[in-house]
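Geometric and topological summary
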Amino acid sequence: MTTTTEAGCVLSDLRVALTGSDVDVVDEISIELRPGEVVGLVGESGSGKTTAGTALLGYARHGAVIERGTLLFEGQDVLALPWERVREIRGRKIAYVPQDPGAALNPAIRIGRQIVELLELHGIGTPAERLDGARAGLREVGLPDDDEFLARYPHQLSGGQVQRVALAMAFLPRPKVLVLDEPTTGLDVTTQGMVLRTMAALCRSYRVAALYVTHDLAVVANIADRVAVMYAGRIIELGSRERMFSQPAHPYTRALLDAIPHLGHARALTGIPGSTPGPGRRPSGCRFHDRCEYVQDRCAQVDPPDVEVGPDHAAKCVRIGEIGHWDIDRGNVADTDPAKKRDIILTVEDLRVSYGRKEVVHGVGFDVGKAEVVALVGESGSGKTTISRCVGGLHAQWSGELTFEGRPLGKGSRARSVEDRKRIQYIFQNPYLSLNPRRTIAQIVARPMELFGIAKGKAARDRVVELLDAVALGPGVLELRTDRLSGGERQRVAIARALAAEPDLLVCDEITSALDVSVQGSIVALLEELRQTRGISMLFVTHDLALVRSIAARVQVLHAGAVVESGFVVEVLDSPQQEYTKRLIGNSPTVG
Amino acid sequence: MTDLVTPDSATGTAAPAPPRRPPAARPWITWFARRIGLAVLTLWLCSMLVFFATAALGDPVRAILGRDYGTSPERVAALEAQLHLDQPVISRYFAWLGGLLTGDLGNSVANGLPVGELVGGRIVNSAVLVIVAAIVMIPVAFGIAMLSAAHRGRRTDGVIQLVMITLAGLPEFVVGILLVALFSTTVLHVLPAVTIAGGGAPPWSAPGSMVLPVLTLVIAVAPYVARIVRASLLEVLDSDYVELARLKGVPERVVMRRHALLNAIVPGIQVIALQLAWLAGGIVIVEYLFSYPGIGASLVDSVRNSDFPVVQVLAMVIAAVYVGVNLVADVLSILFTPRARTAITS
Amino acid sequence: MILTTKRIGRQRRLAAGLVITAVVALIAIVGPWLAPYGETEIVGKPFTMEGGWLGTDYLGQDVWSRVLAGGGPILVTAVAATAFGMVLGIVIGVVAAYAGGWLDEAIMRLNDVALAFPQILLALLVLTAVDQPAAWMIVLLVGVSHAPRVARVARGVALGIVSRDYVHSAEALGESRLRVLAAEVLPNMSAPLLAEAGLRLTYSIGMVAGIGFLGFAANPGAADWGQMINENRLALLVQPWGVLAPVLVIGVFTVGTNLMADGIAQLSGRGE
């Protein structure tokens, strides 16, 4: 069914390999893009999704080369065209919206000039028409079109505005095919919602065939018509959105869906053990077999072919039909009961924080109960991280009252008693920055014990092994440095270090946001287990409302440094009272 | 065209940047005044460093008289009076600073002539040497950098890199003496080994004798500049917006010209400024080697003769050149960086 | 660690630099025992090809023997000055970066003042008031002239590290400031600082030899590569080896150390 006469394009059997080696980055990629349709290309880091996306423009990054494959577009194979012809098609007929638009606009050239230059380059219109075209393009994406705006430099725009300028630039030459590479990474949910709606509307009204590359299944569930799931360089499942979310066939797709939280109900999230292997480290046969719960011997030997599992729905798995059905609700659990009695250990009253003369947190108050998870949720600039840093002793310039087990807490760790420092532990967002790369895992985890006099020498070492076991890491990592660990493993080490101090309160600052969703699932499962077995309380900072539903009992919704709404998760999310909360919930992409 | 999104949603996520006004003079004046103020402060601190390093650390009289120090107490006393050593060091410093500011540079200890007269012509000679070296060096260094960046990772680039690292390691007197041996004395005999403009004529009246000093300075400085410019070119060529420009179908030659060079200018300015200031130090050795009548050679002689007034003035001249060049480079960098430029007027 | 044998082997510049540096340093160390004549022994008429294979110098001393004997002082002085300058600069830079705020501002402002003088000029300033410099004085002067430049590099590297979360984490645990610097900050600076040390060693050799070349050596009359150039400079036309021999060893030495520094910098850049 190669319908190449109509616009749109068909990519077949693409292989991109590292230059001068037989190591593939992506392989056997075949996908058809149809006009007016958005295809979501989903994958975790290391899956090769961006490589597959840019290959649609006949482009491979420095160090990689397109080795094989055809891209049928308007009756010709773009990948076989000479370099000059490819360049004519790029941008004009097949356009690209990059991951980080801020870095992708030239910082030294004004916005208007950059748009006009794009039209000049493709020889579109007269100079006056080009300027009008630029204005019209900006209007389309909901931006001002006056001279003042055209004269701005990229750094004078907000993240959402920059992203919309990039969208406008992509749509202006009226392309037939559009590749969007995670264009909403780093945007707040409200801005993200706006950009996504603009994009979807433009795609449909200009009948553009769009490929939306992302790691976020929830975003895809909201905008895509069809969904392709990539794993370790291959598309392992491809089907319509409805089928992919209701009847996923591949074990990887199912595991991925089990790992994501839903806004509608609390779920017991599960992760996928291990991490996605990068180019050169991928196993033979089915590339997922070493992490698959349904693995059999033949999985390691046979390269699974595409199996048709339904109309327009195929998956690469030799065991399809043998592994039963899947239910999207299978992980659902009950929300925390608001009637449950709470035993308060931390109280925050009238907390105010200023940077310089500017107050960024305005009199925030809340409390945390024993063995309870309280979420601080908000967009960037809401003050959620600042509040958590005050509680964790990392920020010392604040006023108000912090009370921990009835005692007032000092400002900053150096003003606190050893006991307080020990019992409140902070876990950072990015595990790539929070562990000293020059120390071994054993040294890192043992240090709080030595410092607080909990254990020394052999005893400390035994405790380290126990703690690593508690966070599902074997004793094999003891003498390693962090550069040998994956992101998820590093975050487990960070959690083990926090546990080493035997804390009563963990302050978790977006600790899953730098991790892949399958890893996030297993970290959340670990935290829940720690809460239940050790009775540890947690202050959990996040921007992800769906995650709040699965992890927290209570939630504080923050906006511009103040609490907008607070209460039990089930109440706030199911019957929000404030406009802001409603808008936040409305814009949050979700699967369930 | 249809409005798909209401324009007012843009204001909901308005950027922190204010609307662009017509160029406002006031913030610029304030900013510039602050920069000048900082430069003056730096120079003032420099003057303290110069004065105390030369006058307060050692015993000037002993240094001047050398072996005669022990044998002729009357000359010691005379010199002490001439240098006002009976006064406390702080008041000597302020007297000296006052003189510096009013143009009274004092007299040489070695020959009694006014310092201003001694160094005036030599400053011009040195300035000519440095400027000629810079004029030759800048295009050479940028050319090498662009050649190297265009051939990145290939043989040409590798060879250029190796040559540059080798040259960058050589002290300037090694370069100079090897050039002299090559062109003047041992291998060929085509260029004069020393500056031979006699009778007070400026050194450039015999252009042949300028070749080796200029060449030495260029070889000493160009490799470093070329490496920095190459690195910043590569950084820009690897950036997302250049990648996007390519994905938009922009020809490679336009990518290099419009995108890469424009954004590599600022690091280029910075490194040139750094190297101009460095040339001011390089001339000390080069002028001495080629007997070029500039402040460098003069400085070496004055240090040997413990001629404090001359050393102090020359050191201040060199520090002022450094501070001045940096000021100019800062202003130019700001002008070429939109982000910094708009930060000032907002 | 960045300096494993395997990685050095892969980095050809570093390997070449290490070999060259080691050979020159070896000559400087064992040279005095290999010299056919004493370093101040008169073996013939000045500026002739009498004596050893490189002829005689301005006093009729043997050039080859003096080349063999004259590396030690430069090597020792340059290494000591580099070490001193590195330690001083690292302390200034790291303290400024870790302290932050006005202290950082003040330290770096003063640092800028020192940067306004070319390194050789800083040394010459002090030599003006000194009749005859001692060897330790040269070490001190060269080292001090490195310090502001090292401080700037060290502060830049440290700024990138003190804002890392593992430093914050140590502070939240209540570690002492000294331990935070020693255990968390400094070990993570070692690679770029090692590269900087290599660069500084190159400049130290150039400066120490340069001071000798300008005629301010600590020990006039003794064999010293820099001083030899100055002594025999005027006879470049008649007896070039008196000048060229020390010039060439100095050149080879600095090229070696610079290659080494560059190799380390490339390794550490890739290791990050």
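These figures come from a predicted structure and were not determined experimentally. (Residues numbered from 1 in each chain as written. Chains lettered and ligands numbered in written order. Predicted model: local features only at pLDDT ≥ 70, side-chain atom pairs only at ≥ 80, totals over all residues.)

A word on the overall build of chain A. A tally of helices and strands in chain A yields 20 helices and 22 strands. The C-alpha radius of gyration computed for chain A amounts to 26 Å, which stays within 12% of the reference 25 Å derived for 592 residues, consistent with globular compactness. Within the span of chain A, comprising 592 residues, buried residues form 52% of the whole. Once local pairs closer than 6 in sequence are excluded, the contacts in chain A between residues at least 24 apart make up 68%. (Helix = DSSP H or I, 4+ residues; strand = E, 2+ residues; numbered from the N terminus. Rg over C-alpha atoms; globule rule 2.2 N^0.38 Å. Buried ≥ 20, exposed ≤ 12 C-beta atoms within 10 Å, placed from the backbone. Contact = placed C-beta atoms within 7 Å.)

Broken down by element type, chain B carries 14 helices and zero strands. From first element to last, N terminus to C terminus, chain B shows the α and β order α-α-α-α-α-α-α-α-α-α-α-α-α-α. Relative to its 346 residues, chain B shows a buried fraction of 39%. Long-range pairs, those at least 24 residues apart, make up 69% of the contacts in chain B with a sequence separation of at least 6.

Where interface size is quoted, it is often the accessible area lost as the parts come together. All names here are of chain A. Partitioning chain A into structural domains gives domain 1 (9-93 + 175-316), domain 2 (103-172) and domain 3 (344-587). Relative to domain 2, the C-alpha centre of domain 1 lies at a distance of 29 Å. If you look at the interface, domain 1 gives 15 residues, while domain 2 gives twelve residues. Tallying contributions element by element places helix α8 (residues 189-205) first for the side of domain 1 that touches domain 2, with six residues. Classifying every residue of the side of domain 1 that touches domain 2 by side-chain character gives nine nonpolar, five polar and one charged. (Domains from an automatic or database assignment. Nonpolar A, V, L, I, M, F, W, Y, C, P; charged D, E, K, R; others polar.)

With that out of the way, let us pick up the environment of isoleucine 235 of chain A. All names here are of chain A. Following the sequence through the fold, isoleucine 235 ends up in strand β10 (residues 234-240). A tally of 27 C-beta atoms within 10 Å means that isoleucine 235 is categorised as buried. Isoleucine 235 sits 192 residues away from glycine 43 along the chain, and the two C-alpha atoms are 9.0 Å apart.

Time to look at the sheet that holds strand β14 (residues 358-369) of chain A. Residues and elements named next belong to chain A. The antiparallel open sheet is built from four strands, whose spatial order is β14-β13-β16-β17. Strand pairing shows two members of the sheet lacking a second neighbour, β14 and β17 (407-408), which therefore form its edges. As paired strands, strand β13 (residues 344-355) and strand β16 (residues 398-404) are joined by six bridges and run antiparallel to one another. Its bridge partner being in β16, leucine 346 is matched across the sheet by phenylalanine 404. (Pairing = 2+ DSSP bridges.)

A few words now on the UniProt feature "domain: ABC transporter" (unreviewed entry) in chain A. UniProt's feature table lists "domain: ABC transporter" (unreviewed entry) at residues 11-257 and 346-585 of chain A, given in the numbering used throughout. Span residues 346-585 of chain A is 38% helix and 27% strand, its end C-alpha atoms 27 Å apart. (UniProt positions renumbered as here; feature names shortened; annotations may be inferred.)

One way to put it is that helix α13 (residues 308-336) of chain B packs onto helix α6 (residues 119-128) of chain C with a least axis distance of 10 Å and a crossing angle of 160°. In this view, α13 of chain B runs roughly antiparallel relative to α6 of chain C, as classed from their interaxial angle. Our pair here, α13 of chain B against α6 of chain C, has a crossing hand that is left-handed. Residue-level contacts link Phe308, Val311, Ala315 and Ile318 of chain B of α13 of chain B to Leu121, Leu125 and Thr128 of chain C of α6 of chain C. Partitioned by chemical class, the residues of the contact of α13 of chain B with α6 of chain C number six nonpolar, one polar and no charged. (Axes fitted to C-alpha atoms, helices over the stretch in contact; angles between N-to-C directions. Parallel < 35°, antiparallel > 145°, perpendicular 65-115°, else oblique. Left-handed = near helix turned anticlockwise from the far one by under 90°.)

Another aspect to go through is the sheet that holds strand β9 (residues 226-231) of chain A. Remark on secondary structure: sheet strands pair via backbone hydrogen bonds, oriented parallel or antiparallel. Residue and element names in this part refer to chain A. The strand order across the open sheet formed by eight strands is β6-β7-β8-β3-β9-β10-β12-β11, and the pairing between neighbours is mixed. Each edge of the sheet is formed by a strand with only one pairing partner; in this case those strands are β6 (94-97) and β11 (306-310). Across the sheet, the mean angle separating the axes of adjacent strands is 20° when strand polarity is ignored. Of the pairings in the sheet, the one linking strand β3 (residues 38-43) to β9 comprises five bridges and is parallel in character. Residue pairing across strands places glycine 43 opposite methionine 230, the latter belonging to β9. The strands touched by helix α7 (residues 159-171) within the sheet are β6 and β7 (177-181), with β6 carrying the most contacts at an inclination of about 175°.

This paragraph deals with the interface of chain C and chain B. Contacts between the two partners involve 39 residues from chain C and, on the opposite side, 47 residues from chain B. When contributions to the side of chain C that touches chain B are tallied by element, the ones reaching two or more residues are α5 (101-115), α6, α10 (190-213) and α12 (241-271) of chain C. Ranked by residues supplied to the side of chain C that touches chain B, first place goes to α12 of chain C with eleven residues. Here the residues of the side of chain C that touches chain B are counted per class, giving 26 nonpolar, ten polar and three charged.

Residues and elements named next belong to chain A. β7 sits mainly inside the fold: five of its five residues count as buried. Neither face of β7 is exposed, since Val177, Val179 and Asp181 on one face and Leu178 and Leu180 on the opposite face are all buried. Bridge count between β7 and strand β8 (residues 209-214): five bridges; the pairing is parallel. Bridging across to β8, aspartate 181 finds its partner in valine 213.

Its 24 residues give α10 of chain C an end-to-end C-alpha distance of 34 Å, which sits within 8% of 34 Å, the value for a rise of 1.5 Å per residue. The element α10 of chain C is largely enclosed, with a buried count of 22 among its 24 residues. (Expected span 1.5 Å × (residues − 1).)

This part covers the interface of chain A and chain C. Facing 18 residues of chain A, the contacting portion of chain C comprises 13 residues. Those elements giving two or more residues to the side of chain A that touches chain C turn out to be α13 (418-423) and α14 (441-451) of chain A. Broken down by class, the residue content of the side of chain A that touches chain C amounts to nine nonpolar, six polar and three charged.

What follows covers the confidence of the model for chain A. Residue and element names in this part refer to chain A. When pLDDT is averaged along chain A, the result is 88, and 98% of the positions lie at 70 or above. No element of chain A has a lower mean pLDDT than helix α3 (residues 101-104), at 69, and none a higher one than β9, at 95. Below pLDDT 50 for its whole length, residues 1-5 participates in five contacts with residues either more than four positions away or in separate chains. (pLDDT = per-residue confidence, 0-100.)

All names here are of chain B. Following both chains from N to C, one finds helix α6 (residues 115-150) and α13 inclined at 40°, their axes separated by 10 Å at the closest point. As the angle between them shows, α6 and α13 are arranged oblique. Crossing angle aside, the handedness with which α6 passes α13 is right-handed. For the pair formed by α6 and α13, the contact residues are Val115, Leu118, Val119 and Ile123 on the first element and Pro309, Val310, Val313, Leu314 and Val317 on the second. Residue classes in the contact of α6 with α13 are distributed as nine nonpolar, no polar and no charged.

Take the environment of valine 19 of chain C next. Residue and element names in this part refer to chain C. Among the secondary structure elements, valine 19 is positioned in helix α2 (residues 12-34). Overall, the presence of 13 C-beta atoms within 10 Å leaves valine 19 in the partly exposed class. Between the C-alpha atoms of valine 19 and proline 148, which are 129 residues apart in sequence, the distance is 30 Å.

Here β11 of chain A pairs with strand β12 (residues 313-316) of chain A via four bridges, running antiparallel. Within β12 of chain A, the residue paired with glycine 310 of chain A across the bridge is histidine 313 of chain A.

The next subject is the environment of asparagine 263 of chain B. Looking at the secondary structure, you find asparagine 263 of chain B in helix α11 (residues 252-290). For asparagine 263 of chain B, the residues in contact, after removing those within four places along its chain, are Pro107 and Ala108 of chain A together with Val236 of chain B.

Counting buried positions along α6 of chain C gives ten out of ten residues, so the element sits mostly inside the fold. Inspection of α6 of chain C places Gln119, Ile120, Leu121, Leu122, Ala123, Leu124, Leu125, Val126, Leu127 and Thr128 of chain C among the buried residues, and these make up the whole buried set.

Residue and element names in this part refer to chain A. You will see that aspartate 13, though not glycine, has its phi angle at about 50°, which is positive. Examined against the element boundaries, aspartate 13 turns out to sit in strand β1 (residues 9-18). Its 11 C-beta neighbours within 10 Å are what place aspartate 13 among the exposed residues. Of note in the backbone geometry, glutamate 405 takes a positive phi value of approximately 50° without being a glycine. Assignment of secondary structure puts glutamate 405 in the loop between β16 and β17. Classification of glutamate 405 by C-beta neighbours within 10 Å gives partly exposed; the count is 15.

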